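Topology and contacts: notes
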Amino acid sequence: MASIYIETYGCQMNEADSQYIADRASASGYAVTDDAAAANVVVINTCTVRDNAEKRAYGRMAQFKKLKLADPGVKLVVCGCLAEQDRDVMTGKAPYIDAVFGTRDLARLGDALATWRPEFGDDEIDLTQENLLLGKLGGHGDCVGDAYAHVRAFVNVQRGCSYFCTYCIVPHVRGRFDNRALDDILSECRAAIARGAREITLVGQTVNAYKEPASNADFADLLAIVSALPGIDRLTFLTSHPKDYTPKLAATMGALPNLNPRFHLPVQSGSDPILRRMNRKYSVAQYREKIALFRATCPDWALTTDLIVAFPGESDDDFERTLALCDEMSFAQAFMFVYSPRRGTPAALWEQVPPQIGGERLRRLAETIDRGVRAFHAPKIGTTVRALVQGPSRKDRSKLAAKTIDNVTVIAPAGALGEFELRERPWLDVSIDAVFTWGCSGEIAGIAARYDDPSPVAAARPTIDLVTAR
Ligand code: SF4
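Nothing here was measured: the structure is a model prediction, and the numbers come from that model. Along each chain, the written sequence defines residue order, and numbers are assigned to residues from 1. The model is predicted, so local features are restricted to residues of pLDDT at least 70 and side-chain atom pairs to those at 80 or more, both for listing and for counting; the totals for chains, interfaces and linings are taken over all residues.

**A word on the site of the ligand**
Condition: Any residue qualifies as near a molecule or strand once its backbone-derived C-beta atom lies within 6 Å of it. Classification used: nonpolar for Ala, Val, Leu, Ile, Met, Phe, Trp, Tyr, Cys and Pro, charged for Asp, Glu, Lys and Arg, polar for all others including Gly.
All residues in the neighbourhood of the ligand are listed as Cys-161, Tyr-163, Phe-164, Cys-165, Cys-168, Val-170, Pro-171, Gln-205, Thr-206 and His-241. Here the residues of the shell around the ligand are counted per class, giving seven nonpolar, three polar and no charged.

Set out below in structure tokens:
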């Protein structure tokens, strides 16, 4: 059977795009594999938000060249933000690449997969009813080489961004806001639920700026409608902009029972002059007001954020304000970066902060953030948390990794639990006996099919050794 391997870099938008590619591939009769060496089509879904991501993507292309040399029939495809940015030069830099698709060309990539499909033989085309139906519905978000990927679905609600932060390449490579029609979003969510998704993540670069073109429904309306879909288990969303966090959205978030209690609201800096230079469209005081509203309407939720240090012009004083704000906010998690200039953005042309200062600021910021993370994790000791399985832990495959609904990683020994049981009952009840900055660890006490199931099925463990007892 023809197979496709998809490697994804970057943000949740790329995750959603990879899911779309997997959908289109499945509908055309491909199996999604996690073994690049066995695939007929290898797709690298690239990111260009940081220089490292760019270098890594070109590095991976060079590694995949070996597959092409071993079998010239293999198709190497590059898509995503780097493909959009370098579309005119990429095949010059990597001439063995078969096709380059920009961020607005995903439908063409889907068409190309269907066109190439006969080249890989027609022996076992799996156009099952489900694939045909879901293909029509606009895709079902099949797993990307992961046994449990079906339990999470990323549904794109919006492409592009119109905010033009001065450090960000997204509006340049993905274009301005392009909001999807509500009906399309709902069809995709229904299809994901039908396929067994326990958690739906609505994704967009500035997801809470969503406005439905025809009905004028806003993001709060969208959340309420999706959360009421029959069969939905949990709902969450990424990434929000402080400017679009409104009292209506705050009230909606506080009222919906199946919304995950986790809010990601990037602040980027705790200094007004830097926020202005970043063109973030809010002040520190306005961010504080938004968080006060959030804490009042969503008590006990996890607040997470993004931060950039050493942005051009950031003084020691600016940085100290960022540290002070982080101490005050006590974020449950933060994605922290040293500023990295992106070609084509205004900030890339400004005088840069020396890298050693950036490194030192990142280290100090991480210490501050870790205090908040530890404070958030500490109360979980001695409790039992319910977490959605992700798969075997990367460090120790005898253990399972899972995520709580407030987005904390949990690791526990898998014991006798196997893929067969977990595909049906992917919620793990884990009694937590240790907490760390990366998450928590413990023992699995049971498994459940849905988040609200009151009594989990006890994790199967043999009580006697059946071989020696015979
Ligand atoms: S809000 Fe700013 S950082 Fe976020 S995608 Fe838009 S331009 Fe980029």
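**A word on the nonpolar core**
To keep things clear, this is the line we draw: By convention in this section, buried Ala, Val, Leu, Ile, Met, Phe, Trp, Tyr and Cys residues joined through C-beta atoms within 7 Å make up a nonpolar core. Backbone-placed C-beta atoms define the burial measure: a residue is buried with 20 or more other C-beta atoms within 10 Å of its own, exposed with 12 or fewer, and partly exposed in between. Secondary structure elements follow DSSP: runs of H or I of four or more residues count as helices, runs of E of two or more count as strands, with numbering from the N terminus. Marked domain ranges trace back to an automatic or database domain assignment. By the criterion used throughout, residues are in contact when their C-beta atoms, derived from the backbone, lie within 7 Å.
Val-43, Val-155 and Leu-428 are the most contacted members of the largest nonpolar core, which totals 123 residues. Looking at which element gives the most residues to this core, the answer is helix α1 (residues 12-27), with six residues. Three or more residues apiece are contributed to this core by two domains, here domain 1 (1-142) and domain 2 (381-448). Sequence-distant contacts of Leu-428, that is, excluding residues within four places in its chain, are made with Ala-387, Val-389, Leu-400, Ala-402, Ala-412, Ile-444 and Ile-447.

**Describing the pairing of strand β16 (residues 409-413)**
Regular strands show a simple pattern: their side chains alternate between the two faces of the sheet. Defined as follows: Strand pairing is assigned whenever DSSP identifies at least 2 bridges connecting the two strands.
Relative to β16, strand β15 (residues 399-404) runs antiparallel, the two being bridged by five bridges. From the neighbouring strand, Ala-402 faces β16, where its bridge partner is Val-410. In this structure, β16 lies alongside strand β18 (residues 439-448), joined through three bridges in parallel fashion. The residue bridging Thr-409 from the neighbouring strand is Gly-439, located in β18.

**Some thoughts on the sheet that holds β16**
Keep this limit in mind: Helix axes are fitted only over the stretch in contact, all axes being lines through C-alpha atoms; the angle between N-to-C directions runs from 0 to 180 degrees.
A barrel is described by the order of its strands in space; here five strands give the closed sequence β14-β15-β16-β18-β17, paired in mixed fashion. For this sheet, the mean inter-axis angle between neighbouring strands, taken without regard to orientation, is 50°.

**Notes on helix α12 (residues 284-297)**
Rules: A helix is expected to span 1.5 Å for every residue after the first. This arc is built from the directions going out from the helix axis to the C-beta atoms.
With 14 residues, α12 extends 20 Å between its outermost C-alpha atoms, agreeing within 8% with the 20 Å of an ideal straight helix rising 1.5 Å per residue. Those residues of α12 not exposed but buried are Tyr-287, Lys-290 and Ile-291. The buried side chains of α12 occupy one side of the element, clustering within an arc of 100° when seen end-on. Exposed side of α12, more than 90 degrees from the buried face: Ala-285, Ala-292 and Ala-296 are the residues found there.

**Quick word on the confidence of the model for the protein**
Spelled out, the test is: Along the chain, pLDDT gives the predictor's confidence residue by residue, from 0 to 100.
Summarising the model, the protein shows a mean pLDDT of 88, and 91% of its residues fall at 70 or more. Within the model, the stretch residues 123-145 combines pLDDT values under 50 with 52 contacts to residues more than four positions away or in other chains. Confidence over residues 461-470 falls short of pLDDT 50; this stretch has four contacts with residues more than four positions distant or in other chains.

**Side note on the sheet that holds strand β12 (residues 302-309)**
Taken in spatial order, the three strands line up as β11-β12-β13 in an open sheet, and their pairing is parallel. The two strands at the open ends of the sheet, each matched to only one other strand, are β11 (262-264) and β13 (333-338). Put simply, the sheet's adjacent strands are angled 15° from each other on average, direction ignored. Of the strand pairs in this sheet, β12 and β13 are connected by six bridges, and their pairing is parallel. Directly across from Thr-304, in β13, lies its bridge partner Gln-333. Set on the sheet, helix α14 (residues 355-377) makes contact with β12 and β13; between it and β13 the angle comes to about 180°.

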